[in-house]
Every structure is written in structure tokens, then in C-alpha cells.
Amino acid sequence: MALVDRCRANVPGAFEEVYRLHAPRLFGLACRMVGRVEAEDLLQEIFLTAHRKLGLYKGEAALGTWLFRLGMNQCLDYLRSKHARFAQVSDELPEERDGGVASAGAILGVVDRLDLERGLADLPPGCRTVFVLHDVEGLEHREIGSLLGISDGTSKSQLHKARMRLRASLGRGKHV
Amino acid sequence: MSELLDGSLSPAEQAVVRVHLDECAVCRGVYADLERVRAAARDLGPIAPPAHLWLEVAGRVRLETDAAPAVAAAGAPDVRRARLQWLGIAAALVLATLTAYVMRGPSQPPPAATEAPAATTAAGNPRDTRSVEAVAEEMRLALQHYENAISGLEAITRDSNSAMDPEVAATVQRNLMVINQAISESRAALVDDPTSGPARESLVDALRRKMDVLTASVSLINQMRQGDQIGAARATGRKSS
């Protein structure tokens, strides 16, 4: 019997199996989008919602994809509720301020994972979200634009802004 | 440059940008950095959630799906509920104290036996003049407090096992077995080298995880005893907040 069917039939251990399989990816997504502390609450909500909605899952996409969409929407809802200006921020493109490092040419060596996570956490929510969805999770600009209610062009601009800011934060102290 | 990186430019546009990159070392450097940032982002993998989160999820799922009224709630003495809550608070306080100890070291002044001329580190900070024995003793006492709190939580989860969903109880036991193994290994490492920082941190981390699992278990038992309605209300409250 498929895992989803076992969950629907309340077979002991089935929903835990779903959790064990998919929680790490969803927790990574939530940590990067909303921060570690909020991510713990959100992960619970994601799986509670998944449990409630399993009956609606038709199997058109893989279970992991379905769960990822559900989790991503929960993260976005959270950001919208917490940051009243989130939608506007996503559309705004303030003047780039990269601390002048653009004039220094290449400044980065090997990018440390923890440094990147820290840099991500410091990004404004709008461009951080686009960066996470595009560069970490591999979504296309069209999908991101649809999710966030922004144009493809805005999504591209936000992505570039996020990359430049990350470059600046990662390169801080490494350029002359 | 980002669009070139992502391959979303037309061939003509790509050619124009590439010609510029060939001529401009500064832009070439920026482009190389952006490639590194993007490559590093792609390598960011999943993050394992804390062990206690599954217990929270399982408990809340059970509260939502189990339609049976919580008869046990009526029989749950208030004094026992209060004890559970106080144990949770006490455990959290011990955890905070011990974590602070491990991160920063004890705040008490050194004992008289370690009197020595005031010395400083190269950075100008006062040198720690406590004896190894004094530090080990403080660590032992802190761990003892921690373990006492854990013992209290363990006793409650053992006594209240019937109040917990069998599936969740089995998960708790599996988690505890893994964590107990880690605690044993850390203790063995500390016997070999009582001053080992990594062994000490590993032990405290394992104890912290055990505390998380037990605290989550007690919380679940508490919810079961208070009745599913309260737990459901909490779940609804979280959802709507």
C-alpha cells in the first residue's frame, strides 16, 4: 500500500514516515524564510495542515512536491502576516548599496555554508524569499512571481539584489 | 549579470555581456563571485528539525483526530498538573543555567585555594585562575541538577505512560534510546579526559535533547489529562494567530 494510502488508513507509523522523509527539507525552507525559532512552530503547522488535507491529495504531483508547496505557502502566509509590508517590499527595489565592493572585482573564495546562512538571515524578507526560492530551491521566476504576486522582472531584480548583498556580506573584510 | 548566470538572456544579449566581461576585469570578478554565491546556495541542504518537534506534531495530530472525550481529564488532580508545570519550568531554568555555564563558564569568583597574582591573557582579559578540580566540581554539580530534573521528568512519563498514545510513546522510547547512547558515549569520553571541551559540550547537548524530548512528553501527557478540548483550542489558537 502506498504511503499516502497508509496515512489515510491511519496505519501506525505511516504519518511519522512522511514526517521523517520530508521534515528536513521543509524545516530548511522554513528556517531560511522565517528564521529558526519561528520555523519550529511553522513546521508543526505544516504537518498538521498536511494531515488535515491528505484527503485532498490526488497524487498528481509527488507527495514531496505537494508538501513543499503546502509548506512554502505557509511560510509566505506567515511572512505576509508578520511583515505587513512584505508584499510591498517584494515589489520595491531600493537603490543598491553594496558598500562599494562592486569596484573591487572578485572578492570571494570558497563560500562557507554557515556564513551564507548568516548572510541570508540578514537580508530583507522580500529579496531573501526570492533568493531562497530561486537559488536554494530551484523555482523559476515565473513561479516565484506567481507565488509572490510580482512580475518576473521584479523577481529577477530582487534575486540580483540578494546575490549582490550576499556577496557584500560574505566578502566583508576580504577586499582591500 | 545575474541573468547571464541563470541563462535567461537571448543569445544576442549574452554575446554583448560576454564581450564586456572579456574586457572588464572588475565585472568579471563580480560575475565570478555571483557564481560562487549561487553554487553555495544550491549546496545548502535540508536541516534536521529538533527531535521533540515530531512529538509535538504527533500529539497535536492525535488531539485532532481522536474524537473520544478525554475522560481522564476529569480525574486529573490539579496538584499533579501544577507539579508537571513546575517541573517544566524548573527544567528550563536548569537548562538555561547549564547552557550559560558551558558557553561562558561559571560566574562565581575563584575559590581562595586558587589565589594567584592577577594575570591577563594576551587580549587583556583576566586569566581564569580556578583550578581544574574546582571547575570540574562546578560542572559536576551543574550536571547533577540537570540530571535530577531529568529524573523527575522520566518518573512522570513512566507513571503516566498509559495517558500517551502508544505510537507516540514508542517514538519517545526510540528517541530516548538514541540519546541515552550519546550520553553514555560522552560520559565515557569525559572519564578518559575530564577536561575535554568537546566531550563536555556533547554531553550537555545530549542532555538538552533528552530534556526536550521529556519536556515535550510531559506537555503531551498534561494535554491528555486536561482534556482534548484544551489541546484542540491551543491548536486552533495557534492556527488563527
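Residues numbered from 1 in each chain as written. Chains lettered and ligands numbered in written order. Predicted model: local features only at pLDDT ≥ 70, side-chain atom pairs only at ≥ 80, totals over all residues.

(A) Expanded view of the overall build of chain B. Within chain B, the regular secondary structure consists of ten helices and zero strands. Order of helices (α) and strands (β) in chain B, N terminus to C terminus: α-α-α-α-α-α-α-α-α-α. Taken over 241 residues, chain B has a buried fraction of 28%. Looking at chain B alone, contacts between residues at least 24 apart form 75% of all its contacts between residues at least 6 apart. (Helix = DSSP H or I, 4+ residues; strand = E, 2+ residues; numbered from the N terminus. Buried ≥ 20, exposed ≤ 12 C-beta atoms within 10 Å, placed from the backbone. Contact = placed C-beta atoms within 7 Å.)

(B) Structural context of the packing of helix H9 (residues 152-171) of chain A against helix H3 (residues 25-42) of chain B. As a packed pair, H9 of chain A and H3 of chain B sit with axes 10 Å apart at the nearest point and diverge in direction by 95°. As summarised for this structure, H9 of chain A and H3 of chain B are arranged roughly perpendicular, according to the angle between their axes. Counting all contacts with H9 of chain A, which are made through Arg-163, Leu-166, Arg-167, Leu-170 and Gly-171 of chain A, the residues of H3 of chain B involved are Asp-33, Leu-34, Val-37 and Arg-38 of chain B. Looking at the contact of H9 of chain A with H3 of chain B, its residues break down into four nonpolar, one polar and four charged. (Axes fitted to C-alpha atoms, helices over the stretch in contact; angles between N-to-C directions. Parallel < 35°, antiparallel > 145°, perpendicular 65-115°, else oblique. Nonpolar A, V, L, I, M, F, W, Y, C, P; charged D, E, K, R; others polar.)

(C) Local environment of the packing of helix H3 (residues 36-53) of chain A against helix H4 (residues 51-65) of chain B. At a minimum axis distance of 10 Å, the contact between H3 of chain A and H4 of chain B shows a crossing angle of 40°. As summarised for this structure, H3 of chain A and H4 of chain B are arranged oblique, according to the angle between their axes. You can see that H3 of chain A and H4 of chain B cross each other, and the crossing is right-handed. For the pair H3 of chain A and H4 of chain B, contact is made by Glu-40, Leu-43, Gln-44, Phe-47, Leu-48 and His-51 of chain A and by Leu-53, Glu-56, Val-57, Arg-60 and Val-61 of chain B, respectively. For the contact of H3 of chain A with H4 of chain B, a count of residues per class yields six nonpolar, two polar and three charged. (Left-handed = near helix turned anticlockwise from the far one by under 90°.)

(D) Region of the structure containing the confidence of the model for chain A. Residues with a pLDDT of 70 or more make up 84% of chain A, whose mean pLDDT is 85. Least confident of the elements in chain A is helix H5 (residues 86-91) of chain A, whose mean pLDDT is 52; most confident is helix H2 (residues 14-34) of chain A, at 95. (pLDDT = per-residue confidence, 0-100.)

(E) Quick look at unusual backbone geometry. A positive phi angle, close to 55°, is found at Asn-10 of chain A, a residue other than glycine. One can find Asn-10 of chain A in the loop between helix H1 (3-8) and H2.

(F) Spotlight on the nonpolar core. Counting residues in each nonpolar core, the largest one holds 72 residues, and the members touching the most others are Leu-26, Ala-30, Leu-43, Cys-75 and Phe-131 of chain A together with Leu-55 and Val-57 of chain B. Leaving out residues up to four positions away in the same chain, Leu-43 of chain A has contacts with Ala-23, Leu-26, Phe-27 and Ala-30 of chain A together with Pro-49 and Leu-53 of chain B. (Core = buried A, V, L, I, M, F, W, Y, C linked by C-beta atoms within 7 Å.)

(G) Representation of the interface of chain A and chain B in the model. With 38 residues of chain A in contact, the opposing surface of chain B contributes 34 residues. Among the elements of the structure, H2, H3, helix H6 (113-121), helix H7 (125-136) and H9 of chain A are those that each provide at least two residues to the side of chain A that touches chain B. Grouping the constituent residues of the side of chain A that touches chain B by class yields 21 nonpolar, eight polar and nine charged.

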